[in-house]
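This is what each chain is made of:
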Amino acid sequence: TEAIGLYNLGQSCCLNSLLQVFLMNIRFTGILRRITVPPSPAQRRSNVPYQMLLLLEKMQYGKCKAVGPTELACCLSEHRVKLFVQHDAAQLFLTLWNLLKKQMKRPELVEELSDLYTICIQEHLACQNCSFEIKSNSTMLTLPLPVLDANSHRLKTLEDSLQYFFHPEELTGQNMCFCQQCGRKTTFLQSMKLVHLPQTLTLHLKRFCFERSSHTHKLSHSLPFPQELDFNEVLTENQCQADDSEKATWQYELFAVVAHSGSSSCGHYCAYVRSLTECKWYCFNDSEVCQVSWDDVKCTYGHSNLYWRETAYLLIYMKKQPQ
């Protein structure tokens, strides 16, 4: 019943934070508990879903305040996930998810895992000279949201970032596209439209940016995010490509925050997660776990003058249950 920490194996704070977010999600663990156990010891050692299930059971049935994710870390290293190095939480999340999906042998579980996390977007390219238009659907695991606009001005809220991500962009000059109907390069309008949102939605705040010197710089300015998020109130009709029944499910509650402290070259991750059974917020900082308030979570909004403070990097929202 108690929240259990994970020992740091050596720069494994990023992995630990993501594991807590996965394993505190009862819909994810519901899928994990139904996996097929690999037949041989060697297969079990190299199977990420199975090793994650073993870790979950160790956390749930152990008597310690923290456990070590050693076997899972060794399993990940067999799949070229480096140990004892700093990871980017958004990249590691994608790596973990792909390994889980690849190694879940039962098709119905793979489908459930995809339904739980996958976002569907439709990209529109429209020639501004004629009626020629290209539409293509694609899926994403996270929405990569900018924290600056094209003029390097700070976006003030999460809602601003979402609106900016879905705002149409005119492709002119060197960015012009070839129009099959006009037979030459013309100005196109590029836009993203939201088609489908999953039960568990992951938003990636792009706080790390490359400067011309190829140096990575962290953007630490404040970007508030709400506890409750309704995409129908954030996006316009033109930014959506969904029917009313789909849109009716676009109301979310914040479930977790993966926060980064420090600089782009030297940092630390921790996770704030809302227990779905207790409705209490916990801070998971490797082996240290404590109950926190919403005011504590709000401290991860960011602050320009406090570079070493925790700053939200991944936001995980969960669909509100219908009344």
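Computed from a predicted structure; not experimentally measured. (Residues numbered from 1 in each chain as written. Predicted model: local features only at pLDDT ≥ 70, side-chain atom pairs only at ≥ 80, totals over all residues. Heavy atoms only, no water.)

Caption draft 1: Fine view of the overall build of the protein. Of regular secondary structure, the protein possesses 11 helices and 18 strands. For 323 residues, the compact-globule estimate of 2.2 N^0.38 gives 20 Å, and the C-alpha radius of gyration of the protein, at 21 Å, lies within 12% of that figure. With respect to the principal axes defined by its C-alpha atoms, the protein has extents near 70 × 50 × 45 Å. Across the 323 residues in the protein, those meeting the buried criterion constitute 49%. Residue pairs in contact within the protein that sit at least 24 positions apart in sequence constitute 66% of those at least 6 positions apart. For the protein, the accessible surface area stands at approximately 16,300 Å², while carbon and sulfur atoms represent 50% of it. (Helix = DSSP H or I, 4+ residues; strand = E, 2+ residues; numbered from the N terminus. Rg over C-alpha atoms; globule rule 2.2 N^0.38 Å. Buried < 20%, exposed > 50% of the residue type's maximum accessible area, 1.4 Å probe, protein only. Contact = heavy atoms within 4.5 Å. Areas by Shrake-Rupley, 256 points an atom, 1.4 Å probe, with all protein chains shown as cover.)

Caption draft 2: Local environment of the nonpolar core. Membership of the largest hydrophobic core comes to 55 residues, with the highest contact counts inside it found for Phe28 and Tyr117. Split by domain, this core shows at least three residues from each of two domains, domain 1 (1–118) and domain 2 (145–166 + 200–322). When neighbours within four sequence positions are excluded, Phe28 is seen to be in contact with Phe22, Leu23, Met52, Leu100, Leu113, Leu116 and Tyr117. One finds Leu197, Cys240, Ala259 and Tyr301 within the second-largest nonpolar core, a separate group that totals 40 residues. (Core = buried A, V, L, I, M, F, W, Y, C linked by side-chain atoms within 4.5 Å. Domains from an automatic or database assignment.)

Caption draft 3: Highlighting the packing of aromatic side chains. Enumeration according to the criterion identifies 12 aromatic pairs in this entry. Measuring from centroid to centroid gives 6.2 Å for Phe93 and Tyr117, while their planes differ by 65 degrees, and the two rings are edge-to-face. Placement of Phe93 in helix 6 (residues 89–103) and of Tyr117 in helix 7 (residues 107–117) is noted, with a sequence separation of 24 residues between them. On the basis of relative accessible area, Tyr117 is assigned to the buried category, the value being 3%. What links up through ring pairs into an aromatic cluster is the set Phe22, Phe28, Phe93 and Tyr117. (Phe/Tyr/Trp six-rings, centres within 6.5 Å; stacked < 30°, edge-to-face > 60°.)

Caption draft 4: Examining the packing of helix 1 (residues 13–23) against helix 4 (residues 48–61) more closely. At their nearest, the axes of helix 1 and helix 4 sit 11 Å apart, and the two run at 80 degrees to each other. As judged from the angle between their axes, helix 1 and helix 4 are roughly perpendicular. Within the contact between the two elements, helix 1 uses Leu19, Gln20 and Leu23 and helix 4 uses Met52, Leu55, Leu56 and Met59. (Axes fitted to C-alpha atoms, helices over the stretch in contact; angles between N-to-C directions. Parallel < 35°, antiparallel > 145°, perpendicular 65-115°, else oblique.)

Caption draft 5: Region of the structure containing the pairing of strand 14 (residues 251–262). Counting buried positions over the 12 residues of strand 14 gives 10, a clear majority of the element. As paired strands, strand 13 (residues 228–230) and strand 14 are joined by 3 bridges and run antiparallel to one another. In the strand pairing of strand 14, Glu228 is matched with Glu253. Bridge count between strand 14 and strand 18 (residues 311–319): 8 bridges; the pairing is antiparallel. Directly across from His260, in strand 18, lies its bridge partner Thr311. Note: strand 14 against strand 15 (residues 267–274), 7 bridges, orientation antiparallel. Residue Ser261 lies in a different strand from strand 15, and its bridge partner there is His268. (Pairing = 2+ DSSP bridges.)

Caption draft 6: Representation of the domain arrangement of the protein within the structure. When its domains are assigned, the protein resolves into domain 1 (1–118) and domain 2 (145–166 + 200–322). A straight line from the C-alpha centre of domain 1 to that of domain 2 covers 22 Å. Contacts between domain 1 and domain 2 engage 29 residues on the former and 29 residues on the latter. Between domain 1 and domain 2, a total of about 2,200 Å² is buried, with carbon and sulfur atoms accounting for 62% of that surface. The tally of links between domain 1 and domain 2 comes to 1 salt bridge. (Buried area = accessible area lost by both parts, 1.4 Å probe. Salt bridge = Lys/Arg side-chain N within 4 Å of Asp/Glu carboxyl O.)

Caption draft 7: Expanded view of unusual backbone geometry. At Arg80, a position not held by glycine, the phi torsion is positive, near 65 degrees. Here Arg80 is to be found in the loop between helix 5 (70–78) and helix 6. The backbone of Asp286 shows a phi angle near 55 degrees, a positive value even though the residue is not glycine. By the secondary structure assignment, Asp286 is in the loop between strand 16 (281–285) and strand 17 (288–292). With a relative accessible area of 13%, Asp286 lands in the buried category.

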